[in-house]
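The residues making up each chain are set out below.
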Amino acid sequence: MLKAITIKDDEKFLRQVSSIVDFNDKELHQNLQDIREYCTFNSGLYAMACIQLGIPKRIVYIKSTKPNDTTANAESDQILMINPEIISKKGRTEFWEACVSGLENFGLVERPYEIVVKYQNENGDYQIEKFEGFSSTVISHELDHLDGIFHMDRAKKLLQMPATERVEFRKSHPYKVISKDCEFSYSPIDEKIL
């Protein structure tokens, strides 16, 4: 099984823009199997972008979009997105985000409350789906990875905190909805990242 790579040794690699998936790619089936297997057998994460496994392709696997539940393994709750793009966003939320590739960097990040994502499933069929609340946060975080962006880049506040302490910290600093319908854009500093 593949191992997640981190900014400690592979930041330059993780900062690259992932390639659009070609459905004729002979390695695609194995890539999908690798990310599904990694997410299934590793607790402590909500989702994963393929680049975090050393595969710089526009593939994201969503394991769970429920706050405080990173152990979910119900196949029906999981989403595999290929070539995803956000086509609309609105509202504003805050959440203390972490990342397996970002090590102990723990940041307070604003994300849209609602996003509409266009993506392909593993058969290549296009899907357009709306996500709200915490689902929007998780998916926005992962789609950033496809463009080489980390939660630390967008964080309003950044702490160094081991995973063992984050659960307790989030109890007193939970996911917060600021607005469900305001216009959303990242700050001008964040837009320069892109």
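For the structure itself, consult the block above.
From a predicted model like this one, the values you see are computed outputs, not experimental measurements. (Residues numbered from 1 in each chain as written. Predicted model: local features only at pLDDT ≥ 70, side-chain atom pairs only at ≥ 80, totals over all residues. Heavy atoms only, no water.)

*Asks:* Mind showing me how you'd approach the overall build of the chain here?
*Replies:* Of regular secondary structure, the chain possesses 6 helices and 8 strands. Its helices and strands in sequence order give the chain the pattern α-α-β-β-β-β-β-β-α-α-β-α-β-α, from N to C terminus. When each of the 194 residues of the chain is scored for burial, the buried share is 49%. The contacts in the chain between residues at least 6 apart in sequence include a share of 70% that link residues at least 24 apart. Per element, the accessible surface of the chain, about 9900 Å² overall, is 49% carbon and sulfur. (Helix = DSSP H or I, 4+ residues; strand = E, 2+ residues; numbered from the N terminus. Buried < 20%, exposed > 50% of the residue type's maximum accessible area, 1.4 Å probe, protein only. Contact = heavy atoms within 4.5 Å. Areas by Shrake-Rupley, 256 points an atom, 1.4 Å probe, with all protein chains shown as cover.)

*Asks:* Is there a simple way to explain helix 5 (residues 163-172) in this structure?
*Replies:* The α-helix winds at 3.6 residues per turn, so residues separated by three or four positions along the chain end up facing the same way. All of the buried residues along helix 5 are R166, F169 and R170. Down the axis of helix 5, the sector holding all buried residues measures 100 degrees, keeping them to one side. Turned more than 90 degrees away from the buried face of helix 5 sit T164, V167, E168, K171 and S172, all of them exposed. Next to the buried residues of helix 5 lie strand 3 (79-97), strand 4 (105-111) and strand 7 (157-160). (Arc of directions from axis to C-beta.)

*Asks:* I tried to follow the side chain of E97 on my own but got confused; where do I start?
*Replies:* You can see E97 is positioned in strand 3. E97 sits in the buried class, given a relative accessible area of 3%. Reaching out from E97, the side chain makes a polar contact with the side chain of R111 at a distance of 2.9 Å. When neighbours within four sequence positions are excluded, E97 is seen to be in contact with N105, F106, G107, V109, R111, T137, H141, H151 and R170. (Polar contact = N/O pair within 3.5 Å; in protein donor to acceptor, adjacent residues only side chain to side chain.)

The analysis is restricted to geometry; functional conclusions fall outside its scope.
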